[in-house]
Amino acid sequence: MSGEDLKDGILMAAVGNRLATSARFLDHHDTNRIVMEYLEHEGFIETACEFRAEPEVVSAVSPESAAKWSAIRGAIQSGSIREAIRLVNQSHPELLASDRYLHFHLQQLHLIELIRAKKIGEALDFAQTELAETVESNPIVLDEMERTLALLVYENPQHSPFANRLGLGYRLQVASELNAAILKLEHLDQSSPAMINILKLILWAQTGLDGNNVQYRKMTDLATATIEHQ
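Since we're looking at a predicted model, the values are computed, not measured.

## A closer look at the overall build of the chain
So, step 1. Scanning the chain from N- to C-terminus turns up 11 helices and two strands.
So, step 2. Taken from N to C terminus, the helices and strands of the chain fall in the order α-α-α-α-α-α-α-α-α-α-α-β-β.
So, step 3. Out of the 230 residues belonging to the chain, those deemed buried represent 37%.
So, step 4. Restricting to contacts in the chain with at least 6 residues of sequence separation, those with at least 24 account for 54%.

## Here we look at the pattern of salt bridges
So, step 1. Following the criterion strictly, the structure yields four salt bridges and no others.
So, step 2. Note that Arg-147 and Asp-143 form a salt bridge whose closest N and O atoms lie 3.1 Å from each other. On the criterion of helical spacing, the pair formed by Arg-147 and Asp-143 is a turn pair, its members being four residues apart in helix 9 (residues 142–149).
So, step 3. One network of salt bridges, in which partners are shared, links Glu-113, Arg-116 and Arg-171.

## Structural notes on the packing of helix 5 (residues 81–91) against helix 7 (residues 100–116)
So, step 1. Orientation of helix 5 relative to helix 7, taken along the N-to-C sense of each, is 155°, at an axis distance of 9 Å. The angle between the axes of helix 5 and helix 7 places the two elements in the roughly antiparallel class. Each of Ile-81, Arg-82 and Ile-85 in helix 5 lies in contact with helix 7, whose residues at this interface are Leu-106, Leu-109, His-110 and Glu-113.
So, step 2. Among the residues making up the contact of helix 5 with helix 7, the classes are represented as four nonpolar, one polar and two charged.

## So, the side chain of Arg-165
So, step 1. Tracing the backbone through its elements, the reader meets Arg-165 in the loop between helix 9 and helix 10 (168–185).
So, step 2. One buried charged side chain, Arg-165, makes no salt bridge at all; its nearest oppositely charged neighbour is Glu-144, positioned 4.8 Å away.
So, step 3. Among the polar contacts listed, one links the side chain of Arg-165 to the side chain of Gln-108, at a separation of 3.4 Å.
So, step 4. Side chain to side chain, Arg-165 and Thr-148 meet in a polar contact 3.0 Å long.
So, step 5. When sequence neighbours within four positions are dropped, the list of residues in contact with Arg-165 reads Gln-108, Ile-112, Glu-144, Arg-147, Thr-148, Leu-151 and Tyr-170.

## Things to note about the side chain of Glu-144
So, step 1. For Glu-144, the position within the fold is in helix 9.
So, step 2. Within the local environment of Glu-144, its side chain forms a polar contact with the side chain of Tyr-101, the two groups lying 2.6 Å apart.

## Brief notes about unusual backbone geometry
So, step 1. A positive phi angle, close to 60°, is found at Lys-118, a residue other than glycine.
So, step 2. Counting through the fold element by element, Lys-118 comes out in the loop between helix 7 and helix 8 (120–137).

## Some thoughts on the confidence of the model for the chain
So, step 1. In the predicted model, the chain carries a mean pLDDT of 77, and 65% of its residues have values of at least 70.
So, step 2. When pLDDT is averaged over each helix and strand of the chain, the minimum, 49, is found for helix 1 (residues 3–23) and the maximum, 96, for helix 5.
So, step 3. Note that residues 5–12 has pLDDT below 50 and, in this model, 10 contacts with residues that lie over four places away or in other chains.

## Remarks on the packing of helix 7 against helix 10
A pair of packed helices can be characterised by two numbers: the angle between their axes and the separation between those axes.
So, step 1. Viewed as axis vectors pointing N to C, helix 7 and helix 10 meet at an angle of 155°, and their least axial separation amounts to 10 Å. Our classification of the angle between helix 7 and helix 10 gives roughly antiparallel. Considering the relative orientation of helix 7 and helix 10, their crossing is left-handed. Residues Tyr-101, Leu-102, His-105, Leu-106, Gln-108, Leu-109, Ile-112, Glu-113 and Arg-116 of helix 7 lie in contact with helix 10, whose contacting residues are Tyr-170, Arg-171, Val-174, Glu-177, Leu-178 and Ala-181.
So, step 2. A breakdown of the residues in the contact of helix 7 with helix 10 according to their chemical character gives nine nonpolar, two polar and four charged.

## A look at the nonpolar core
What tends to happen in soluble globular proteins is that the nonpolar side chains get buried as a cluster.
So, step 1. Counting residues in each nonpolar core, the largest one holds 36 residues, and the members touching the most others are Ile-72, Ile-76, Leu-95, Leu-111 and Leu-178.
So, step 2. Those elements that provide at least two residues to this core are helix 4 (63–77), helix 5, helix 6 (95–98), helix 7, helix 8 and helix 10.
So, step 3. It is helix 7 that contributes the most residues to this core, eight residues altogether.
So, step 4. Leave out the neighbours within four places in its chain, and Leu-178 touches Trp-69, Ile-72, Ile-76, Val-88, Leu-95 and Leu-102.

Thresholds applied
- Residues numbered from 1 in each chain as written.
- Predicted model: local features only at pLDDT ≥ 70, side-chain atom pairs only at ≥ 80, totals over all residues.
- Heavy atoms only, no water.
- Helix = DSSP H or I, 4+ residues; strand = E, 2+ residues; numbered from the N terminus.
- Buried < 20%, exposed > 50% of the residue type's maximum accessible area, 1.4 Å probe, protein only.
- Contact = heavy atoms within 4.5 Å.
- Salt bridge = Lys/Arg side-chain N within 4 Å of Asp/Glu carboxyl O.
- Axes fitted to C-alpha atoms, helices over the stretch in contact; angles between N-to-C directions.
- Parallel < 35°, antiparallel > 145°, perpendicular 65-115°, else oblique.
- Nonpolar A, V, L, I, M, F, W, Y, C, P; charged D, E, K, R; others polar.
- Lys, Arg positive; Asp, Glu negative; His and termini not counted.
- Polar contact = N/O pair within 3.5 Å; in protein donor to acceptor, adjacent residues only side chain to side chain.
- pLDDT = per-residue confidence, 0-100.
- Left-handed = near helix turned anticlockwise from the far one by under 90°.
- Core = buried A, V, L, I, M, F, W, Y, C linked by side-chain atoms within 4.5 Å.

Right, here's the structure in full:
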């Protein structure tokens, strides 16, 4: 056996051992738990409710909380940010008062929706009356605010360097941040779901194998678990 073969073998063994350690006690029940944990953490409550119908699936989120969060997430996804804020204040009145950074993100998202609708005057007025004080007292958010206001410079902000803020992905990002805060408030928080750790482990393993030019069947799409054919 050559030195390179030995090196590849040691690396493959290390990867295999780490994966095996993670999956050693992973049965059907554990798999369902991991999936449910991920759905709840990321705020896919409607999907989680459907998944709850599966045998032996247990959810830490009550149906009442699931219904409330579904309404909040729906409002954010549709761009009705003020309605989302109203619903949050109704169900968790202390949350936004205690988490000013989260509150800023929701307000900033409302500003983005005004810019998307080309309500420039209303957007500037909202920025001055609702966000200026927050930015002045918290320099950390200044850069974020500047990037958002930069959208006003472009006649077609969808084609600007900051166009990602106008996409659905940005709404979902804020929704996930809000969901994590609600779970933490309700003492249901998992700072890093097991599924996220498994995906990180796969990426770690593939990076190590690629770096050592080891031939293997690579997972090319984590979202669909697609593995390339050799």
